[in-house]
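# Report on the structure
Each chain, written out:
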Amino acid sequence: METIQSQVDELISQMTPAEKAGQLTQYFYFRLPPGAEPGLDFDAEQQPRMVESAVGEGGAGSLLFVTDPAEINRLQRLALEGNRLGIPLLFGFDVIHGLRTILPVPIAMAASWDPQTIERGQSVAAREARAVGIHWTFAPMVDIARDPRWGRIVEGAGEDPYLGAAVAVAQVRGFQGGELGSPESVIAGPKHFAGYGGALGGRDYDEVNLSDSELWNVYFPPFKAAVDAGAGNVMTAYMGLNGIPAGGNRWLFTEVLRELWGFKGFVVSDANVVRSLVTHGFAADLTDAAARAVNAGVDMEMAVSDAAYAHLPEALESGAASPEAVDASVRRVLEAKIRMGLFDAPYVDEDRAREVLADPAHRDVARIAAERSAVLLRNEDDLLPLDASSVSSIAVIGPLADSKRDTIGPWVFDFDLDETVTVLEGIRAKAGDGVRVDHARGIRVVQREFPSMFDMFGRNRPSDPDGFDEEAEFQQAVDLARGSDVAVVVVGEWQNMIGEAASRSSLELPGRQLELLQAVVETGTPVVLLVMNGRPLDLRWAAAHVPAILDIWYPGTHGGAAVANLLFGEVAPGGKLPFSWPRTVGQVPMVYAHARSHEPENQGRRYWDEASTPLFPFGYGLSYGRFEYANLSVDQPATTSGGTVTVSVEVTNAGDREADEVVQLYLGQRYGSALRPVRELKGFQRISLSPGESRTLEFRVGPNERRYWNAAVRDWVSDPSTFDVWVGGDSTAELATSFEVTQE
Ligand code: NOJ
């Protein structure tokens, strides 16, 4: 520590204001495929030249979007040669769910309810990223998402702060290893602080207005957990939170993040957030924007071009920017570079990068993660698993069934499609020679109605084979299903329909997918429906008519192999929903942890034209086992506000297959000094049980599980009350007990 401090002091004492501003500026460096249209506000030819000249003059401290190790070395050399103080560049990138080996999308990983799988997955992502020379990932996204119209729900862990915090911690550990600077690790940057998921109407980037109680009890906890786990970076949100844009929000970045939570890392703005303080109508010009952001505690500006922080010298000169704030920011950035070992080893070994990216062990981690993420939503008459000995023909239907690009999902750039296993390929490989596996696309791919911001990277828009005749294909798909023992229909959203700037006003299956599904079901052939998605879709018809439904999300590089293992029962699905699955978009937002209303007995009848319960509840997911819960007890009937009780429950697999269950504990406070949700998740454990096996699990429920932010006193409180405890396999668990908490 001492030596880091003195190294930083030494550097800062020699730096000019322009050099300081340079260290605080991060530029995009895009190398787009030929003919690409950037769609963002920059010139694709000019931009790399501008960035290279900034790098060569000490005008940039960090770059993002470079993933080729040779390029990273070239740019690093440029920086070191042009920089009289020898300060290396920090390379950041969106390693969201894998670099070369693509893991299931983050919402899927959360659906595993398995911190170990999540940690292992992100450590593979970190290993690959670090091998190519990336030092820092803009992940995890820990924004709570309660509105599935918001496309970025796919990047997070869903609606619940407790699950969200557990997933955030696992990801930070996976990315960073034991501590910041561990070998084969990268800096984790939880984002987007704060409240981004609450966008009005689910419209990406729109304003967010959250009550005090929602902010502290729901939206902050995953960030706090990520900070406590040692995250080295935090990224700002784009939008205004309760009227103050994140990029100029001193309360968020200085008072909450640093002073209250003790965050020691550095803060980066989201792309062009500092410039957009002007766009928002908050700052007068770029100099004012730079001053406000740095004074608020935003250490580094991420910019496409024309960085506002290039105006920091003027802002210092005029006194608008605080010199202490600027120095503190430079200090944090330099510290991160020192901790990551960049001064000692600025370059990357290109041969080793190739080896690491090819490591077959990484693909196994991705496949296992996909197996553990899938959620079985329906399984009438145990249609699944398929019995390979009694099935001789399988019809695999739908364009998504054999789409490599869609299998790996959004927010990936360095993927290898050749090694991606689609559902069709996975089933073919698994079914073996005796089983006929045929594919019919059935319908055209559905195009987004306006271009996606990711189109500029290429390979983002789906397309049909040449000469595709939809009517003939539709008929062929139906005929194929009719003539097969089982039909596996894959529906969902094409991956470019979800993610950043991909909000939707509807949750319907795009295009003619429902019509195709209905026609296939009508043939009478048993149907297994696979859903490829990152948000809940309107499955009302399917949930009433299709015997088996498995949510496979965007399952990643070896997703198809994982799906085949699940379909044939090599492994049992054990994932659970990380959000309440609404019946229709009109119910949105819908969360299980709502407040108790004035008329609780009618809670299920709030709309006159639709039930006000979800289609599938939060925490829900079936399995090939059958789990029974018994003997729920609390070790003591009462405790004081500082005390902890131990809840135990016996879980038995009464089915005839080994399977996983996620045992969930929910807590509800009956009365107190504020309205509390009807119940809240406060513990979970994913376990594996053999047929007939029973296990007794324990959960500790202490002050941390009971305290909450009370908007009346603007502080954390712990009320004496009666607490109900439910334990079961989803958020509707009925097995209950209770205990009392008395004043200390
Ligand atoms: C904008 C996104 O909001 C953010 O999540 C991402 O990390 C940056 N762009 C960089 O790609």
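Below you will find a few notes about this structure. Note that this is a predicted model, so its numbers are computed, not measured.

## Some thoughts on the pairing of strand E19 (residues 645–653)
When you tally the buried positions in E19, you get 8 out of 9 residues, the bulk of the element. Pairing geometry for strand E17 (residues 627–634) and E19, over 6 bridges, is antiparallel. Bridge assignment links Ala630 to a residue of E19, and that residue is Glu650. Note that E19 and strand E22 (residues 694–701) share 8 bridges and pair antiparallel. Following the sheet pairing, Val649 is matched in E22 by Leu697.

## Observations regarding helix H14 (residues 323–339)
Its 17 residues give H14 an end-to-end C-alpha distance of 24 Å, which sits within 8% of 24 Å, the value for a rise of 1.5 Å per residue. Buried residues of H14: Ala325, Val326, Ser329, Val330, Val333, Leu334, Glu335, Ala336, Lys337 and Ile338, and no others. Once H14 ends, the next one or two residues include Gly341, with phi positive near 75 degrees.

## Re the site of the ligand
In the neighbourhood of the ligand, 13 residues make up the surrounding shell, with Asp94, Arg152, Lys191, His192 and Asp270 lying closest. Within the side chain of His192, a nitrogen or oxygen atom sits 2.7 Å from an oxygen atom of the ligand. When the ligand is considered free in solution it has 290 Å² of accessible area, and contact with the protein chains removes 97% of it.

## Quick notes on the nonpolar core
Within the largest apolar cluster, 244 residues are counted, with the highest numbers of intra-cluster contacts made by Phe193 and Leu567. With 7 residues, the single largest contributor to this core is helix H6 (residues 115–132). Residues contacting Leu567, with those up to four places away along its chain left out, are Leu384, Pro385, Leu386, Ile427, Val488, Val528, Leu530, Leu550 and Tyr624.

## Digging into the pairing of strand E16 (residues 548–551)
Alternating residues of E16 divide into Ala548 and Leu550 and Ile549 and Asp551, and every residue in both groups is buried. Two strands pair when backbone bridges link them, and strand E11 (residues 375–379) and E16 are joined in this way by 4 bridges, in the antiparallel orientation. Note on E16: the bridge partner recorded for Leu376 is Leu550. The pairing of strand E15 (residues 527–532) with E16 spans 4 bridges and is classified as parallel. Among the inter-strand pairings, Leu529 is bridged to a residue of E16, identified as Ile549. Taking the sense of rotation as the criterion, the β-α-β connection linking E15, helix H21 (residues 540–545) and E16 turns out right-handed.

Criteria and cut-off values
Residues numbered from 1 in each chain as written. Predicted model: local features only at pLDDT ≥ 70, side-chain atom pairs only at ≥ 80, totals over all residues. Heavy atoms only, no water. Buried < 20%, exposed > 50% of the residue type's maximum accessible area, 1.4 Å probe, protein only. Helix = DSSP H or I, 4+ residues; strand = E, 2+ residues; numbered from the N terminus. Pairing = 2+ DSSP bridges. Expected span 1.5 Å × (residues − 1). Near = heavy atom within 4 Å. Polar contact = N/O pair within 3.5 Å; in protein donor to acceptor, adjacent residues only side chain to side chain. Areas by Shrake-Rupley, 256 points an atom, 1.4 Å probe, with all protein chains shown as cover. Core = buried A, V, L, I, M, F, W, Y, C linked by side-chain atoms within 4.5 Å. Contact = heavy atoms within 4.5 Å. Right-handed = clockwise from strand over helix to strand, strands pointing away.

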